[in-house]
Amino acid sequence: MILDGKNVSSKILIKVKERVDKLKIKPHLVVILVGNNPPSKIYVNNKKLAAEKVGIKSSIIEFPDNVTEKELLDKIVELNDNSEVTGILVQLPLPQHIDKNKVIMAISPKKDVDGFTPENVGKLVIGMKPYFYPATPQGILMLLDEYNIKVEGANVVIIGRSNIVGKPMTQMFINRNATVTLCHSYTKNLEEKIKTADIVVSAVGKKIVRCKMVNKNSVIIDVGIFKDVNGKITGDVDFKLVEPTVKYISPVPGGVGPMTIASLMYNASIIYS
Ligand code: GUN
């Protein structure tokens, strides 16, 4: 069965719009985009379009590739101090000469709609409620919940240890009482681990999950999105062969991507004063 992220995300966006319509103050999301990374440009544009749809004001501030760290930090300080701005998101990746952690740490945790600042990550880890949960893991949990897929007690295998997906996803599953194995490029016997998992989340960016690795009860969440040799958008999972052999699978496109956007819009609709 297909986990239809496009359909579920539309339902979430309708709810977010209802929420936003009732707010006395209009949320304002500011997205900072550095350089000319084509996928980043597409993602940022999609975020802007989604914000417009739900009545959230959004602005994109663009900087050239050669922007200095100081210029970025100064802009973030200015946005932190601007009470009309309720959310700040710095699109990653940033150019090599910029310390991304320094930039992230400059964002006020109460405006950190990505949930990437040390305060929000730390709160997540110690079981406190952060101001914001990272959008992709939160979107994945929303998708699983919509299909009533049981997380409590599930054996979850996550492939990829990024700060954006793998690490926060691990923590969020643990907080939901799942047992998590976080796999990466040094993991031994990956195939065996995937085979025995109830839920597999793959966030690698290359073809890694094959038909022989899954079982008939597997729930497969594909976070990967990249172009194959023919220029076609694809994910980490060999969808054609895996789909008929598992219980649930999220497609690419139309799975995690739209859920991430909806989850981000949910975050952007939350205002802390
Ligand atoms: N680049 C890829 N995914 C993300 C994300 O969720 N947030 C930000 N800020 N940058 C990204």
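In what follows, the structure referred to is the one given above.
Values in this document were obtained by computation on a predicted structure and should not be read as measured data. (Residues numbered from 1 in each chain as written. Predicted model: local features only at pLDDT ≥ 70, side-chain atom pairs only at ≥ 80, totals over all residues. Heavy atoms only, no water.)

## So, the site of the ligand
Lining the immediate surroundings of the ligand are L89, V90, Q91, L92, D114, F116 and I164. One nitrogen or oxygen atom from the side chain of Q91 is found 3.2 Å from a nitrogen atom belonging to the ligand. Taking L92, its main chain carries an N or O atom lying 3.0 Å from a nitrogen atom of the ligand. Isolated, the ligand exposes 280 Å² of accessible area, and the fraction of that covered by the protein chains is 82%. For the shell around the ligand, the residue count by class is five nonpolar, one polar and one charged. (Near = heavy atom within 4 Å. Polar contact = N/O pair within 3.5 Å; in protein donor to acceptor, adjacent residues only side chain to side chain. Areas by Shrake-Rupley, 256 points an atom, 1.4 Å probe, with all protein chains shown as cover. Nonpolar A, V, L, I, M, F, W, Y, C, P; charged D, E, K, R; others polar.)

## Comments concerning the environment of M169
One can find M169 in helix 7 (residues 166–175). For M169, a relative accessible area of 0% translates into the label buried. Along the chain, M169 and K247 lie 78 residues apart, while their C-alpha atoms are 21 Å from each other. If we ignore the near neighbours within four places in the chain, the residues touching M169 are P137, I140, L141 and I158. (Helix = DSSP H or I, 4+ residues; strand = E, 2+ residues; numbered from the N terminus. Buried < 20%, exposed > 50% of the residue type's maximum accessible area, 1.4 Å probe, protein only. Contact = heavy atoms within 4.5 Å.)

## Some words on helix 6 (residues 135–146)
Taking 1.5 Å as the rise per residue, helix 6 with 12 residues should run 16 Å; its terminal C-alpha atoms sit 16 Å apart, in good agreement. When you tally the buried positions in helix 6, you get nine out of 12 residues, the bulk of the element. Those residues of helix 6 hidden inside the fold are in contact with helix 1 (5–22), helix 7, strand 6 (199–202), strand 7 (219–222) and helix 10 (256–268). Positioned one or two residues after helix 6, N148 has a phi angle of 55°, which is positive. (Expected span 1.5 Å × (residues − 1).)

## Side note on the packing of aromatic side chains
Tallied over the entire structure, the rule returns three aromatic pairs. Between Y131 and Y272 the ring centres are 4.8 Å apart and the planes differ by 70°, which places this aromatic pair in the edge-to-face class. With Y131 in the loop between helix 5 (118–125) and helix 6 and Y272 in the segment after helix 10, this pair connects stretches of sequence that are 141 residues apart. On the basis of an interplanar angle of 85° and a centroid distance of 5.5 Å, the ring pair of F132 and Y272 is categorised as edge-to-face. Placement of F132 in the loop between helix 5 and helix 6 and of Y272 in the segment after helix 10 is noted, with a sequence separation of 140 residues between them. For Y272, a relative accessible area of 28% gives the class partly exposed. Following the ring pairs from residue to residue traces out a cluster consisting of Y131, F132 and Y272. (Phe/Tyr/Trp six-rings, centres within 6.5 Å; stacked < 30°, edge-to-face > 60°.)

## Focus on the pattern of salt bridges
Summed over all chains, the structure comprises 11 salt bridges. Linking E78 and K75 is a salt bridge whose minimum nitrogen-to-oxygen distance equals 3.2 Å. Of this pair, E78 and K75 both sit in helix 3 (residues 69–81), three residues apart, which is roughly one turn of that helix. With its nearest N and O atoms 3.1 Å apart, the salt bridge here joins E119 to K123. Separated by four residues within a single helix, E119 and K123 lie in helix 5, roughly one turn from each other. For E119, a relative accessible area of 35% corresponds to the partly exposed category. In this structure K123 comes out as buried when scored by relative accessible area, which is 14%. (Salt bridge = Lys/Arg side-chain N within 4 Å of Asp/Glu carboxyl O.)

## What to know about a nonpolar patch on the surface
On the surface, a nonpolar cluster with roughly 340 Å² of combined accessible area is contributed by I42, Y43, I225 and I233. Given the relative accessible area of 52%, I42 is considered exposed. (Patch = residues over 30% accessible without salt bridge, like charges linked within 9 Å, V, L, I, M, F, W, Y side chains within 5 Å.)

## Let's talk about the sheet that holds strand 10 (residues 248–249)
With parallel pairing, the five strands of this open sheet are ordered in space as 5-4-6-7-10. Single-partner strands in this sheet number two, and they are strand 5 (179–183) and strand 10. By the bridge criterion, four bridges tie strand 6 to strand 7 in an arrangement that is parallel. Note that in strand 7 the partner of V200 across the bridge is I220. Against the sheet, helix 7 engages strand 4 (155–159), strand 5 and strand 6, with an angle of about 170° to strand 5. (Pairing = 2+ DSSP bridges. Axes fitted to C-alpha atoms, helices over the stretch in contact; angles between N-to-C directions.)

## Comments concerning the sheet that holds strand 2 (residues 57–63)
The sheet built from three strands is open, its strands ordered 2-1-3 with parallel pairing. In this open sheet, the two strands that pair with only one neighbour each are strand 2 and strand 3 (87–90). Sheet twist, expressed as the mean angle between neighbouring strand axes with direction ignored, is 20°. Looking at chain direction, strand 1 (residues 28–34) and strand 3 are connected through four bridges and run parallel.

## Considering the nonpolar core
Within soluble globular proteins, side chains that are nonpolar tend to cluster in buried spots. If you look at the biggest cluster of nonpolar residues, it comprises 49 residues, and the most contacted ones within it are L144, F173, I199, I221 and M265. In terms of residues, this core owes the most to one element, helix 10, which gives seven residues. Other than its neighbours up to four places away in sequence, M265 contacts L13, V16, L29, K47, A50, A51, V54 and I56. (Core = buried A, V, L, I, M, F, W, Y, C linked by side-chain atoms within 4.5 Å.)

Honestly, that's just the spatial picture; any functional story needs more than this.
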